[in-house]
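Listed below are the residues making up each chain.
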Amino acid sequence: MQSFQRSSKLIFAAFVLVGSLIAFLLSPTQASADPDHVTLTWTGDVRTTQTVTWRTGFTIKPGRVEYREANSLFPQGGDQMTAEVQGLATNVGNMSIHSVTLTGLKPGTRYLYRVGDGTSWSEQYQFTTAADYGQSFKFLVFGDSQSINYLAWRTTLHTAYMANQDVAFFINVGDLVDVGQDYKEWNAWLGASKGVIDTIPVVPVVGNHETYTPNRTYSMPKFFTVQLKVPNNGPEGLTGQVYSFDYGNIHFSVLDSQAGEERGFVPDMLELQKAWLEKDLKATDKMWKVILIHRPLYHNRPKDSDGDLREAFLPLIDKYQVDVVFSGHDHVYGRSYPLRGGVIDKLNGTIYVTAGRSGTKTYQRAMAKDHNEVFYNPVDESNYLTVEVSGSTMTVKVFQRSGFLLDEWSLEK
Ligand SMILES: [Fe+2]
């Protein structure tokens, strides 16, 4: 009996401890006059611009960025640019989001920067602009980070970055958070990303969970688009969620697969994206074409779904010979055979990759399918990908968070 009581007490204590930790991690972080959530993204040329976004308590006074090349004294003689400020009402209070795109930067150059109101300033951060074309580069890809807490995301992101400090940016393929219109989630996600997202830009992809409200209704992903500024070149009604950009010899096209969730707001979203993607892929002359889309076009769920996405995008992917499509959503790592028209085509096929998971959520029921050359369900440990591009070679490596290599493959042009 005593042993039963002791066990019960221990279980209760563990329950309280875990509950407190979760409550702490998801607790509202009040915005203040001090900037936080300092985030790097791109809205312009990756060689000569850098977009910086951050948060303060509600104010109509726009913030400023002070910046200077890292090989000179800072902040003495730093240049300053004034941000655009946008008020944001959230379930944890009103706040202001400040964002500015630094322009006229030198390619391949490290800069120091800080954000503030012109009088008081944040700590000092740094970023490096992309080199001119022709140089090799590397980036990280993360599957869904949505979690009951964001310790797993923090650990996965920071571990991956520590092991690959030469990466130029990181991609998150969507479902960054569990409830996209609950700002507590963004406090946790952006807090966990601090130390990386202020040093290398994030390339964000919108997922279905970005559209969820605390009442389990759907919304356009406002908290995603207000914080994560991207090139303003998407179709009307989907700017901030659908976009494209070039880094080195890769052209990236980023799509929004949330037809079900966003249909009430943008009824013809797949038609709009089809027309946009056709123009976008036709216009690029880059060696590599890569698509980022949250829901995989070839998935690993027991029941078939997302035929509307395949119908919309597969003909264009085949027509323009897209090299790789990176996705998330299924929380597994899957690599397809090179596919064209749904059949293996080793010469002209596209590789479809599902990137695994960087948060806590797993799907035991996910299964390998005929399209998979490699399949791994990361139920035991989160994972990440590195992608290295050196001229006509693209090499992808897939690691467990602890460093074990799960898969390695490369494409040659
Ligand atoms: Fe998802």
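Residues numbered from 1 in each chain as written. Predicted model: local features only at pLDDT ≥ 70, side-chain atom pairs only at ≥ 80, totals over all residues. Heavy atoms only, no water.

The name given to the protein in an unreviewed UniProt entry is Fibronectin type-III domain-containing protein, with bioreactor metagenome as the source organism.

**Things to note about the sheet that holds strand β15 (residues 324-327)**
Strand order in this open sheet of 7 strands is β12-β13-β14-β15-β19-β16-β20, and the pairing throughout is mixed. Of all strands in the sheet, those bounded by a partner on one side alone are β12 (243-247) and β20 (372-376). Adjacent strand axes in the sheet meet at a mean angle of 15 degrees when their direction is disregarded. Pairing analysis gives 5 bridges linking strand β13 (residues 250-254) to strand β14 (residues 288-292), with the strands arranged parallel. Along β14, the bridge assignment pairs I250 with W288. Helix α6 (residues 269-283) rests against β12, β13 and β14 of the sheet, and its axis sits at about 175 degrees to β13. (Pairing = 2+ DSSP bridges. Helix = DSSP H or I, 4+ residues; strand = E, 2+ residues; numbered from the N terminus. Axes fitted to C-alpha atoms, helices over the stretch in contact; angles between N-to-C directions. Contact = heavy atoms within 4.5 Å.)

**Describing the pattern of salt bridges**
Following the criterion strictly, the structure yields 19 salt bridges and no others. R47 is paired through a salt bridge with D132; the nearest N and O atoms lie 3.6 Å apart. Residue R47 is found in the loop between β1 (36-41) and β2 (50-57), and its partner D132 is found in the loop between β8 (125-128) and β9 (137-142); the two are separated by 85 residues along the sequence. In this structure, the salt-bridge partner of R301 is D306, at a minimum N-O distance of 3.2 Å. Within the structure, one salt-bridge network assembled from shared partners comprises E261, R295, R301, D306 and D330. (Salt bridge = Lys/Arg side-chain N within 4 Å of Asp/Glu carboxyl O.)

**A few points about the domain arrangement of the protein**
For the protein, the assigned domains are domain 1 (36-128) and domain 2 (137-412). At the interface, 26 residues of domain 1 touch 29 residues of domain 2. Our enumeration of links across domain 1 and domain 2 arrives at 1 salt bridge. Two residues, K194 and E123, come together in a salt bridge whose shortest N-O distance is 2.8 Å. Connecting domain 1 to domain 2 are 13 residue pairs in polar contact (both at pLDDT 80 or more). (Domains from an automatic or database assignment. Polar contact = N/O pair within 3.5 Å; in protein donor to acceptor, adjacent residues only side chain to side chain.)

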